[in-house]
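Geometric and topological summary
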Amino acid sequence: MSLLPQISTKKMHDIKRVRGQISCAECRRLKLKCDKKIPCSSCIRRGCKSVCPTETSPAQMKRCINKSPETASLYTQVETMSQRIRDLENALSTLQSSISTSPYPEISNSLQEIRKPETFDALGTLTLDRRGDARYLGRSAGLEVNVISSSQIEDEEDEDDHFPAASEEISQLPKYFPFASDCSWDVGLSLQLILSHLPPKERAWTLAEFFIENSPLQIKVVSSEELFDELLTPIYRYVSAMDFAGQKCPLSPTRLAVLFICFAHGSMADIGIPMYCAESEDFLRLSRISLSLHPIILSPDLASVQALTLIGMFHDTGGRSYNIEAAWSFLTIASKLSQSVNRESPKWGLDKKTLHRRRTIFWEILTWDAMLSLSLGRPPCFFGAHVDTPLPLDEDASVNEKGDTEPGFHHWRMSFTRDVVTAVSDITLSSDMPDYPTILNLDRRMREHPLPEKYDPEMQSQNETSSITLKSFHLTHFRALVAMFIHRAFFAQALLQSPSNPLSSVYAPSFLAAYRAASIVVHCVVKHFYKYYQILSRFWAIWNGRKFTILGLIVTRCPSSPLAANAYEELGLAVNLFKMGANHSDKAKRGLVRALDWAT
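Residues numbered from 1 in each chain as written. Predicted model: local features only at pLDDT ≥ 70, side-chain atom pairs only at ≥ 80, totals over all residues. Heavy atoms only, no water.

Attention now goes to the pattern of salt bridges. Within the structure shown, the criterion is met by 16 salt bridges. Put simply, Glu226 and Arg357 hold a salt bridge, and the shortest N to O gap is 3.7 Å. With Glu226 in helix H10 (residues 224-240) and Arg357 in helix H15 (residues 352-376), this pair connects stretches of sequence that are 131 residues apart. Across the pair, Arg357 and Glu226 agree in class, each one buried. The salt bridge partner of Arg444 is Glu448, with a shortest N-O separation of 2.5 Å. Classification of Arg444 by relative accessible area gives partly exposed; the value is 41%. Each of Glu225, Glu226, Glu230, Arg255, Lys353 and Arg357 takes part in a single network of salt bridges with overlapping partners. (Salt bridge = Lys/Arg side-chain N within 4 Å of Asp/Glu carboxyl O. Helix = DSSP H or I, 4+ residues; strand = E, 2+ residues; numbered from the N terminus. Buried < 20%, exposed > 50% of the residue type's maximum accessible area, 1.4 Å probe, protein only.)

See the structure below:
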């Protein structure tokens, strides 16, 4: 073996190139004649003398390494001419569409080649917090989900430490959640300690009514019958006996967790107490403490799925514990566990009441999971092709003035999720971006599901009950958000293609649909907020900044568009709304800063 250092073939070639013995690397790559000077005349002429003689230019890089005025001028002219060509093609396509249904033959191929969406390779966003923890947001995630203040993180780290627990043992239970150990504590004694934190009976019934009636979430994970007849009545009958000796608690730890998280939601919807008071946070911790007494990972039951779902929804909707990451984690666990406890078969002989409850819970979870996944740009837990659970019976169906049967609130939302939302999440969150005909097909499917007349804000009378009005708000907001998720990528592409007039772009349908959805959300929120601000201001959903992004882009990127004036006016309405909310909500305050950035 030689003791002399070995020189690689590449290094030998580089030495020869420096000496001028062989062609430079760039000329060899492009098979050009090289005069073997340093730099060679060919590299000087092509504007890449900095890589001569040993380096090569990246194959996809623009040949503008030499920043000479002549080169910069040429590239400016090319970009200007390219934009003019696209504008002329748009104008010609518009003229052709007015006289014929077929595209103009001379530009149809060029349109397909030139206008490939530049947003197709968007992978999303990877962020690092101050502790260095990575967080992934997919391409459908909006700006609003990336706003988590440092104070929230600090509060979450010690949120259980200040709870006035009855013993040191019970105060440690949330530390084990959701991985309860195998009977390292006395479950019976722990339950008795937890029951000592139940609210007075009168307050308990009031909180339950607020949960059922006042919450704008209108969730049906727990029905009124179950809450009052199966949870509240037995536990308060048991507590009122004042003699726990020899008596078994009528509720399991997981069902007790369901009761406490219902109290938390009810407290958050109680307009008679200050916003984000400690009561709702205490009930949230009691729910987690109760769940810690049962090994929900090893032995899940339906009640544990209900409790996890409601805890996730609590984190997602408001309060000091707002954290969309926590919401996603809880909903993910609930979604996975629901697949083991919510399946059904005719051979099992389940009664109608049990079937209805299981189906209702399953579709509520699936709906929330799909929307949260779209908000974060992450894959959902359920894939449409894998779902065969029938919808629950429609208990709220009604007959309109024309004599047609219309679905009730929950049934419409679940059927819309089954037919539209699952398809939107399956397609738009896939690794490959869909083509435009697929997007238009999703839009068609959405429009085939109009709102029922009694929930359509354009057809409602001024004397509708608050329950109907809040349900109308929820469905209108829900449907418009889905439209934004469908069209947002091609809305951006229309702005990139034709910034002077996106309506002339081939993606004009998406531009219009996204604007209309944002406009609907703004007018819907403004209309209902002034009437029900005490309720709506407590929940994060109305402070969603997605509508700002769409309206703000129209105003700032294409001010000459026919829609820009209306978009600016609606942006002003949203700013005024957030100014009102900023006095009550930190989320609204942060959203106001973003809105003012767009408006100014």
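Take the packing of aromatic side chains next. For the structure shown, the criterion picks out 13 aromatic pairs. A centroid spacing of 5.3 Å and a plane angle of 10° characterise the contact between Phe491 and Phe511, whose relative ring orientation is stacked. Residue Phe491 is found in helix H18 (residues 466-497), and its partner Phe511 is found in helix H19 (residues 508-536); the two are separated by 20 residues along the sequence. Judged by its relative accessible area of 2%, Phe491 is buried. On the accessibility criterion, Phe511 (0% relative accessible area) is buried. Each member of the aromatic cluster is reached from another via a ring pair, and the members are Phe260, Phe263 and Phe283. The lysine or arginine in question, Lys201, covers the ring of Trp205, its NZ or CZ lying 5.4 Å from the ring centre. Directly above the aromatic system of Trp328 lies the positively charged group of Arg378, at a separation of 4.6 Å from the ring centroid. (Phe/Tyr/Trp six-rings, centres within 6.5 Å; stacked < 30°, edge-to-face > 60°. Lys NZ or Arg CZ within 6 Å of the ring centre and 35° of its normal.)

What follows concerns helix H12 (residues 278-291). A rise of 1.5 Å per residue sets the reference length of H12, with its 14 residues, at 20 Å; its end C-alpha atoms lie 20 Å apart and thus fit the reference within 8%. In terms of burial, H12 is largely enclosed, as 11 of its 14 residues are buried. (Expected span 1.5 Å × (residues − 1).)

It is worth spelling out the environment of Cys524 at this point. Assignment of secondary structure puts Cys524 in helix H19. Between the C-alpha atom of Cys524 and that of Ala480, which follows or precedes it by 44 residues, the distance is 10.0 Å. Apart from the residues within four sequence positions on either side, Cys524 is in contact with Phe473 and Thr476. (Contact = heavy atoms within 4.5 Å.)

It is worth spelling out the confidence of the model for the protein chain at this point. Averaged over the protein chain, the pLDDT score is 77; the fraction of residues at 70 or greater is 73%. Across the protein chain, the element-wise mean pLDDT spans from 40 in helix H6 (residues 150-157) up to 93 in helix H17 (residues 436-447). Segment residues 109-121: pLDDT under 50, and 23 contacts once partners within four positions in sequence are set aside and those in other chains are kept. (pLDDT = per-residue confidence, 0-100.)

In this model, helix H9 (residues 201-213) (13 residues) spans 18 Å end to end at C-alpha, consistent with the 18 Å of a helix rising 1.5 Å per residue. Every buried residue of H9 is listed here: Arg203, Ala204, Leu207, Ala208, Phe210 and Phe211. Projection of H9 onto a plane perpendicular to its axis shows the buried side chains occupying an angular sector of 160°, all on one side. Opposite its buried face, H9 presents the exposed residues Lys201 and Glu202, each directed more than 90 degrees away. If you follow the buried residues of H9, they end up packed against H10, helix H11 (253-268), H12 and helix H13 (302-317). (Arc of directions from axis to C-beta.)

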